[in-house]
Structures are given as structure tokens and as C-alpha cells.
Amino acid sequence: MRSLDGQPTSTRSVFEVEARRHDRTVERLLRLQAITAALAGARTLAEIASTIIDQGMPALGAEVGVVARLSADGCTLRNLGFKGVSSETEADWAEYPVDSPVPVAEAARVGAPVVVPTREERNARYPVLASVHGVEHGGAVVAYPLVVEARTVGSLGFCFPASRAFDADDHAFLLAIAQQCALAIERVRWHEVAEQEIAHRRASEEALRARERELTALVAELKQTQDALRGADRRKDEFLAMLAHELRNPLAPLVNAVELLEVAGPSTPVVARARAIMSRQIGHMARLVDDLLDISRISRGKIALSVERLDLVELARATALDYRPLLEARGVRFELALPVAPVWLRADATRLAQAIGNLLQNANKFTDDGGSVRLSVVPDGARGAVSVEVADTGVGMDPALLERIFEPFTQADQSLARSRGGLGLGLALVKGVVELHGGSVRAASAGVGRGAAFTFTLPLGSAAPRSAAAVAPRSAAAASASSARRILIIEDNVDAADSLRLLLERRGHAVSVAHSGADGVVAARTARPDVILCDIGLPGEVNGYGVARALRGESAMEGTLMVALTGYGQDEDRKLASAAGFDAHLTKPVAQATLERLLAELAPSPEAARAAGG
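Residues numbered from 1 in each chain as written. Predicted model: local features only at pLDDT ≥ 70, side-chain atom pairs only at ≥ 80, totals over all residues. Heavy atoms only, no water.

**Here we look at the sheet that holds strand E1 (residues 64-70)**
Our working rule: For two strands to count as paired, DSSP must find a minimum of two bridges between them. Helical segments are the DSSP runs of H or I of at least four residues, strand segments are the runs of E of at least two, and each set is numbered from the N terminus. To get an axis, fit a line to the C-alpha atoms, keeping to the stretch in contact for a helix; angles then go from 0 to 180 degrees between the N-to-C directions.
Read across the sheet, six strands follow the order E3-E2-E1-E6-E5-E4 without closing on themselves; strand pairing throughout is antiparallel. Of all the strands in the sheet, the pair left with one neighbour each is strand E3 (95-97) and strand E4 (114-116). Across this sheet, the average inter-strand angle for adjacent strands is 25°, counted without regard to direction. Bridge analysis of strand E2 (residues 76-83) against E3 gives three bridges, and the strand direction is antiparallel.

**Topic: the confidence of the model for the chain**
Cut-off, in case you're wondering: Values of pLDDT, the confidence the predictor places in each residue, fall between 0 and 100. When checking whether two residues touch, look at their non-hydrogen atoms; a contact exists if any pair is within 4.5 Å.
Of all residues in the chain, 84% attain a pLDDT of 70 or more, and the chain-wide mean is 81. Element-level mean pLDDT values for the chain span from 32 in helix H12 (residues 468-471) up to 95 in E4. Here residues 413-420 scores under 50 on pLDDT; set against residues more than four positions off or in separate chains, the count is eleven contacts. Confidence drops under pLDDT 50 across residues 462-482; counting only partners more than four residues distant or on other chains, this segment forms 16 contacts.

**What to know about the packing of aromatic side chains**
Filter applied, for reference: Ring pairs are drawn from Phe, Tyr and Trp, using the six-membered ring of Trp, whenever the two centres fall within 6.5 Å, and their geometry is named by plane angle: stacked under 30 degrees, edge-to-face over 60, tilted for the rest. Burial status follows relative accessibility: with a 1.4 Å probe on protein chains alone, a residue under 20% of its type maximum counts as buried, one over 50% as exposed, and anything between as partly exposed. In this analysis the charged atom, NZ for Lys or CZ for Arg, is taken to sit over a ring once it is within 6 Å of the ring centre and within 35 degrees of the ring normal.
Within the structure shown, the criterion is met by two aromatic pairs. Summarising the aromatic geometry, the rings of Trp 93 and Tyr 96 are spaced 5.3 Å apart at their centres and angled 65° between planes, so their arrangement reads as edge-to-face. Exposure class is identical for Trp 93 and Tyr 96. Each is buried. Consider the rings of Phe 160 and Phe 166, whose centres lie 5.3 Å apart with planes at 65°: the pair is edge-to-face. In this pair, the class of Phe 160 matches that of Phe 166, namely buried. Between the NZ or CZ atom of Arg 164 and the centre of the ring of Phe 160, over which it lies, the distance is 4.9 Å. The ring of Trp 190 is capped by Arg 189, whose NZ or CZ atom sits 4.8 Å from the centre of that ring.

**Let's talk about the sheet that holds strand E12 (residues 440-444)**
In spatial order, the strands read E8-E10-E11-E13-E12; together these five strands make up an open sheet with mixed pairing. In the strand order of this sheet, the two ends are held by strand E8 (333-337) and E12, each with one partner. Ignoring strand direction, the axes of neighbouring strands in this sheet form an average angle of 15°. Judged from the five bridges that link them, E12 and strand E13 (residues 452-459) form a sheet pairing that is antiparallel. What sits directly across from Ala 444, in E13, is Ala 453. Helix H9 (residues 349-366) contacts E8, strand E10 (372-380), strand E11 (385-392) and E13 of the sheet and is inclined by roughly 170° relative to E13. Along the sheet face, helix H11 (residues 426-436) touches E12 and E13 and points at about 20° away from the line of E13.

**A closer look at helix H14 (residues 494-506)**
Formally: By this rule, a helix spans an expected 1.5 Å times one less than how many residues it contains. Pairing of N or O atoms within 3.5 Å defines a polar contact, subject to two protein rules: one partner must be a possible hydrogen donor and the other a possible acceptor, and residues neighboring in sequence count only if both atoms are side-chain atoms.
Compared with an ideal rise of 1.5 Å per residue, which puts 13 residues at 18 Å, H14 spans 18 Å between its outermost C-alpha atoms and is within 8% of the ideal. The opening residue of H14, the one whose side-chain oxygen lies 3.1 Å from the backbone nitrogen of Asp 495, is Asn 493. Just beyond H14, the residue with positive phi is Gly 508, at close to 90°.

**So, the layout of surface pockets**
Formally: Cavity means a closed set of points on a 1 Å grid over the protein atoms alone, one where a 1.4 Å probe fits but cannot get out, pocket means an open set with protein on both sides within 12 Å along at least 5 of 7 lines, and lining means a residue has an atom within 4 Å of a point. Grid points are joined across faces, edges and corners, and a volume is the space filled by probe spheres set on the points. Nonpolar residues are Ala, Val, Leu, Ile, Met, Phe, Trp, Tyr, Cys and Pro. Charged residues are Asp, Glu, Lys and Arg, and all others, Gly as well, are polar.
In this structure, the second largest pocket spans a volume of roughly 170 Å³. Around the second largest pocket sit Arg 69, Leu 70, Ser 71, Ala 72, Arg 151, Thr 152, Val 153, Ile 185, Glu 186 and Arg 189, which together line it. At the level of elements, E1, strand E6 (151-159) and helix H6 (168-263) are the ones that each hand at least two residues to the lining of the second largest pocket. In terms of residue class, the lining of the second largest pocket is built from four nonpolar, two polar and four charged.

**Examining empty space enclosed by the protein**
Scanning all chains against the criterion turns up three cavities of 30 Å³ or more. Estimated volume of the second largest cavity: approximately 230 Å³. Val 66, Phe 82, Val 102, Val 104 and Leu 129 are, among the 18 residues lining the second largest cavity, the residues nearest its centre. Contributions of two or more residues to the lining of the second largest cavity are made by E1, E2, helix H4 (103-110), strand E5 (141-148) and E6.

**Concerning the pattern of salt bridges**
We apply this condition: For this document, the term salt bridge refers to a Lys or Arg side-chain nitrogen within 4 Å of an Asp or Glu carboxyl oxygen.
Using the criterion set out here, one finds 26 salt bridges in the structure. For Arg 125, the salt bridge identified is with Glu 106, shortest N-O distance 3.5 Å. Here the residue Arg 125 occupies a position in helix H5 (residues 119-125), and Glu 106 occupies one in helix H4, the gap between them amounting to 19 residues. Note that Arg 230 is salt-bridged to Asp 227, the shortest N-O span being 2.4 Å. One end of the pair is Arg 230 and the other is Asp 227, both in helix H6 and three residues apart, which spans about a single turn. Residue class for Arg 230 comes out partly exposed when judged on its relative accessible area of 49%. One network of salt bridges, in which partners are shared, links Glu 106, Glu 121 and Arg 125.

What follows is the structure in C-alpha cells.
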């Protein structure tokens, strides 16, 4: 029998070769099974590399084995296992560039097996290996890329002690363990990714829980802050109400005293001038108190408008009449530019008059003697709106101030002297009142020293005129307002009570005074008055509300007009007064003309009362 190369051979030798080949195949199959089982339980890259090397080296007859992982950027290889070399060599070659002149790097770089069967070829292709301790005397080398779905993830290699050939079985075994190694590495990579994702999610969840705890703490802190702010706001309102009451109480007798001086008879020019100064300054103080309270109520939405149909032209004309003497007394020329036809609105007459009055007061404050102020009303039917403008030739404003002039406490006069004074609330009140009516405000000025113009625009209402009843003359009962009335004043402030008594007595009324609620109730029951003017903040157990409740339920008091005359002027105070039984609520200080007008409109004269009863 001859071999394939023509040389004679024995049957026994052929059988021996086949037997060895069979045994090697069986051994390698067993090792592949062992590798598969070991890799199934491997949890780390080091375990994978150790399994491949430990099973591959004896199966192939190699003396050195290495498994390397390619970095994510494909630039470097990191050895996962390197056996058969010294610890120094293992440390030196722990990580190296993918373009290094070694078989493992070349296999990873080109993505194909590298097989070098002889020592001579190895030293020629990879001269660096001749200086690597542990492999410098070796022979054949082989390296296979680790590929998963056409993507190289690393490579494995073996070094042999001598030159040797590699047959198909060798390549099949190397390819099989390379594939298993690659899949195991990829599985661990995915496991690492999953672990990182889980860790990231846990960290995110913990961060979220921490954030939730922070937010819960912030919400609690915010609630505490809100509660504290509400408490502070409530205390501020209570303080303002009390401050207004305490300021109005001394203002009331001052107003009465000034009016007494006016009706007392002829006086010298000096006295007349002093009286005028006092009247202006008391009026200024009263406006400051009202402005301070109104801006607080507007900011909290506590003002409810009393809307009615009104003629804006007549309202502007009437308001101008109140301010014309103030302007002309300083030599300021006052002009009115009003339409001939009425301009109808649905609005709160008192609040709009307040807005126009504040603009006129502002113009008076900032216009020097000899200047001019102009009030104009300009309807715009096409837009369904009307504009009210107050323009002056006064000190003007810096353009930077225009953007915040309507903010509370903004001052145009920033000089140390503050000669033009004020709290900076007048224009803020204008803005608040106008916006409550659905309108808007704006300010314009050409600059300092060049005057200013303030304009507010409101939506027009129906053009239908008011009913005849609304413009009819006052009734006969109202016209007889000059008839004397029996009036009871219940007031603990002696100066306020005495000054008001003197004023009313000079107008022909019969006036009695009580300085406490209990005394007032007794006085009213002893001699029924036509009118009771009662303070609210009375000393003792019976305050003003108690007086009203005690007397209102008595049939003898059915014809008596009960008026709350008090320093408490907030909307809540008016509601409380009405609920207690008062017919009207007047806030101190009250001008005598206002009080007389109320008496004429609400309190029947004694003659009318007798006629009604007879």
C-alpha cells in the first residue's frame, strides 16, 4: 500500500494515524462541550478568557494563550487573559494599540485569521516577539478574530513551542472556540450594559426620590411662607385699618373746627388764610389715608364696583369743578375739552371721579405756578372706547420712569427735599380703578421739564339716556332739608363730638351728645331722635354695632336714620354696619356738605314725618 505522495506505507500505520486523528477529534469535541458548559456559567470576562485558554492550549498543544478585547473605539486591545508568560510580560502587555506588530493585534485589525506555521516566518513578520519574555524562543503562532454579527469585538491567539502545520481540524476547532468566546464576551457586554442601565435607573430613581423629598420639603416651606405672608398681609391690613381709624379720628374734629371757623362770622385776612391752609392740608392728609387703604384693597381684589349708567362728560365736568379752585388759586390755567354730546358708560361713578381727581391732583402737584393743565374727554366710536387725558406743562419725567410710574410707591420727585411730596399711590390707584373697569392707562412725557400727559381708556357703554326719574328734581321732602332735626351724636372723642355738635347747632339742628354706647342707647330711648350719628369704636361693652342692634329692633326707632360715622372705612366695615342696622356709613373726616346732603336725601324733616304719620 502506498501513501498519497507515492511512498509505501503499511496498513497498521494508516490505522494508527486515523486512530490518533479520531481520538483528537473526540477530545476536542469534549473540550468544546466543556467550553460551552463553562461559558454558560461565566459571569466575567476573566472567567471567559480563562476557560478559552485553559481548554484551548492542551487541545492544540500550545504553550501560550491570550484573549484580548477590542475597545469601543476600536483603537486598543486589552488582554482579558494571558497565560504561559511571566507576570512581568503579562503586565507589560496588559493593553496595547490595535496597530501593534503582533498576531493578535493584526487579527483584530484585519478581521481575519493570522496563521504563521514556522519560527522563521514568525520572526520575520513579528520581530518584536523575539524580545518578549516567554515567547521569544517559540515557533508557530495563530490568532483568530472574535466576531459577532460582522463586528470584531477582540481576538484570541496561541503560541507553540516549535514550528508546526495546521490542518482543517485545527482551523475548525479554533474557529469554534473563537465564535463561542466572541458570543460569551458579547453576552457579558450586554450584561454590563444592562447592569449599567439598571444602576443608572436606580440612581435616577433615587435622585428622583431625593428630588421628590426636596420638593415636598419646598412645598411645605412654601406653604409655611404663604401662611406667613397671608398672616403678615392680614396683620398689615389690620394695621392699616387701625392706622386709618386712628388718623381719621383726630382729622374729624379738625375738619369740623375749620368749618366752624368758616361759619363763625367775619374774620381777618390772616385768619382766613390760616383757615384755607388748614383746610388744604387736612384734605391732603385725608387723601393720603384713603389712598393707602384703597391701594391695599385693590391689590387684594377687595374692591367691588357699584356699576351704573353714567355720562362721563358730566362726571368729568363735576370733578373739574372740585379741582378748579385748587389750580386757579396757584395761577395755573385750567382748560376743559369736553364733547357736547353725552358719553355713556357703565361704571362706578365714585371710583371714576377718584381716578380723574387723582390725575388732576397729580397735575397740580407737578405743575409750577403759571403753568397750565388740560382735562379732555375723547370718544372713539370706531373702537368702542373713550379716552380721558390730563395733560400739564409741569416738570415732566425721565423716559426711564414712564415704564413704572403706575407702580405703587413710585416717586417722580426723587430730590432730598421731596417738595412735591406724596406716597406714590395716586397713579397706582388710577391704574387699579381703570383696570377694574376693563380699561388701560398710559403715561407720556417729552422729558424732564417738558410736561406730561396721563391717559386712561375705557370701553363705551350703551348710548341710551338715563331715565327721567334719574334726572328728576329732588322731592319736596328732600327739598325741605333745611328743617331742623333732632340729632343724637354718640362719640367718645370729646373734640370730635363737640365740634360736630357746634356745626350742626349753627345749622339749626337740636343736638345731644353721648360719649358711650350704653349712654347713647339710653339717650335715644329717652328722647327719640330723628337722626343718630354713631361712632363704631366706642368704649365699654356696647360698641357702635351694639347700639344699632339694640335700637333697630324697637318700633319707636322705625323712623330714625342711623348713620355710622367712623374711622373704619373698609368694605368689610360697611357690610358690618349694614348688617347691624345702620342706614348709611360715612368715613371720617366727613365734610359738612356731605353730611347735610345725606340728611336731606335719607332723613325726612319733622314736618314730613308728621304729615306722613297724620
